[in-house]
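Survey of secondary and tertiary structure
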Amino acid sequence: YKAYSCIAKERRYRNARPKRRLRDTIRIRAPYILETQPQAPRSRTSEFLTNVLWTWIGVAATFAAGFLLNPYIIRTLGDLRYGMWALAFAFVDYYQIFDIGIRGAVVNLVSRARASGDAEKLNEILNTSFAYFAAQGSFLLISAWAVSGFLPRFFRITPGHEQEFVWLIRVMALGWAFAFALNTFPAALEGFQQFKTQNRISILGLTVRTVSPRMLM
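What counts as what
Residues numbered from 1 in each chain as written. Predicted model: local features only at pLDDT ≥ 70, side-chain atom pairs only at ≥ 80, totals over all residues. Heavy atoms only, no water. Helix = DSSP H or I, 4+ residues; strand = E, 2+ residues; numbered from the N terminus. Buried < 20%, exposed > 50% of the residue type's maximum accessible area, 1.4 Å probe, protein only. Contact = heavy atoms within 4.5 Å. Areas by Shrake-Rupley, 256 points an atom, 1.4 Å probe, with all protein chains shown as cover. Patch = residues over 30% accessible without salt bridge, like charges linked within 9 Å, V, L, I, M, F, W, Y side chains within 5 Å. Salt bridge = Lys/Arg side-chain N within 4 Å of Asp/Glu carboxyl O. Lys, Arg positive; Asp, Glu negative; His and termini not counted. Axes fitted to C-alpha atoms, helices over the stretch in contact; angles between N-to-C directions. Parallel < 35°, antiparallel > 145°, perpendicular 65-115°, else oblique. Left-handed = near helix turned anticlockwise from the far one by under 90°. Nonpolar A, V, L, I, M, F, W, Y, C, P; charged D, E, K, R; others polar. pLDDT = per-residue confidence, 0-100. Phe/Tyr/Trp six-rings, centres within 6.5 Å; stacked < 30°, edge-to-face > 60°. Lys NZ or Arg CZ within 6 Å of the ring centre and 35° of its normal.

Once that is clear, we can look at the overall build of the chain. Across its full length, the chain carries 10 helices and zero strands. Overall, the chain shows an N-to-C arrangement of helices and strands of α-α-α-α-α-α-α-α-α-α. Across the 217 residues that make up the chain, the buried fraction comes to 27%. Restricting the contact set of the chain to residue pairs at least 6 apart, pairs at least 24 apart contribute 82%. With an accessible surface of roughly 15,300 Å², the chain has 64% of that area assigned to carbon and sulfur atoms.

This is the structure in structure tokens:
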């Protein structure tokens, strides 16, 4: 009887304990944004103009990086290797078709969840999109590495430069795979209308990509 009583108490104790689901332990937590301290209200006009200004600054930085970097790469690599670089970039860039509008949907849904103050919904959106973009990046990396050995013959690369082109595809695919996997975070920043922060990060990345070739070549 005593043994039975102990077993019954143990079962009641286990049933009374709150059960933690696996997704509760691994998901991205985002309620801190919804629970921040109240700040002084800003006018919508001021916020709108700030976002527009930083968006145009980001666009201008992109154009400036292109004008500064491309002539240097052409002079350094030469016509043949620059053509290989442009071809590899165009090939990897086609993988963006697998976005199928998910990034825009994340921006829309994050802004709606923020407006309603639904932290649980926000967590679901961020985790689902992160899983999709991580799968997209993994697919890009695996498929690009798998087909890279056949691409020199398909694109009729100049003999003697086949291995250069293969490794160029692989290195680009690696960088783009990481960029795709992290695509959730810039989309979330857009959903929270943090264009200032997003464009600062973008400009920093452009600066690194513009300066690093000059240091490496």
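Along the chain, His161 falls in the loop between α7 (151–154) and α8 (162–181). If near-sequence neighbours (up to four positions away) are discounted, His161 is found in contact with Leu80, Arg81 and Met84.

On to unusual backbone geometry, then. Within the chain, Ile100 stands out as a residue other than glycine whose phi angle is a positive 45 degrees. Residue placement: Ile100 occurs in the loop between α4 (44–93) and α5 (102–116). Since its relative accessible area comes to 64%, Ile100 is described here as exposed. Positive phi is not limited to glycine here, since Arg156 has a value of about 55 degrees. For Arg156, a relative accessible area of 76% translates into the label exposed.

The subject of this paragraph is a nonpolar patch on the surface. A grouping of Phe48, Leu49, Val52, Trp56, Val59, Phe63 and Phe67 is seen on the molecular surface, where their side chains present a nonpolar patch of about 790 Å² in accessible area. Assessed through its relative accessible area of 60%, Trp56 is described here as exposed.

This brings us to the side chain of Arg170. Here Arg170 is to be found in helix α8. Buried Arg170, no salt bridge; nearest opposite-charge side chain is Glu162, N-O distance 13 Å. Discounting residues that sit within four places of it in the chain, Arg170 has contacts with Trp145 and Ser148.

Here the focus is the packing of α5 against helix α6 (residues 119–147). Helix-helix packing is described using two parameters, namely the angle between the two axes and the distance between the axes. Where α5 meets α6, the closest approach of the two axes is 9 Å, and the angle between their N-to-C directions is 165 degrees. Relative to α6, α5 is oriented roughly antiparallel. Once α5 is placed against α6, the crossing between them reads as left-handed. Contacts between α5 and α6 involve Ile102, Arg103, Val106, Leu109, Val110 and Ala113 from the former and Lys121, Leu122, Ile125, Leu126, Ser129, Tyr132 and Phe133 from the latter. The residue inventory of the contact of α5 with α6, partitioned by class, reads 10 nonpolar, one polar and two charged.

What follows covers the packing of α6 against helix α9 (residues 184–191). Where α6 meets α9, the closest approach of the two axes is 9 Å, and the angle between their N-to-C directions is 145 degrees. Here Leu126, Ser129, Phe130 and Phe133 of α6 come into contact with α9, specifically with Thr184, Phe185 and Ala188. Tallied by class, residues from the contact of α6 with α9 come to five nonpolar, two polar and no charged.

Residues of the chain with pLDDT of at least 70 account for 77%, and the chain-wide mean is 77. Note on residues 17–26: pLDDT is under 50 here. Beyond four places in sequence and across chains, it has four contacts. Taken as a whole, residues 35–40 scores under 50 in pLDDT and shows zero contacts with residues more than four places along the chain or in a different chain.

Attention now goes to the packing of aromatic side chains. Here a ring pair, both rings aromatic, is described through the centre-centre distance and the interplanar angle of the planes. All told, the structure shown has 14 aromatic pairs when counted by the stated rule. Arranged with centres 5.5 Å apart and planes meeting at 75 degrees, the rings of Phe89 and Trp176 form a pair that is edge-to-face. Of this pair, Phe89 sits in helix α4 while Trp176 sits in helix α8, placing them 87 residues apart in sequence. Geometrically, the ring pair formed by Phe155 and Phe165 is edge-to-face, given 6.1 Å between the ring centres and 75 degrees between the ring planes. Of this pair, Phe155 sits in the loop between α7 and α8 while Phe165 sits in helix α8, and the two are 10 residues apart along the sequence. According to the relative accessible area criterion, Phe155 is partly exposed, its value standing at 26%. An aromatic cluster of three or more residues is present, and its members are Phe91, Tyr95, Phe98, Phe139, Phe154, Phe155 and Phe165. Arg170 extends its terminal NZ or CZ atom over the ring of Trp167, reaching a point 4.9 Å from the ring centre.

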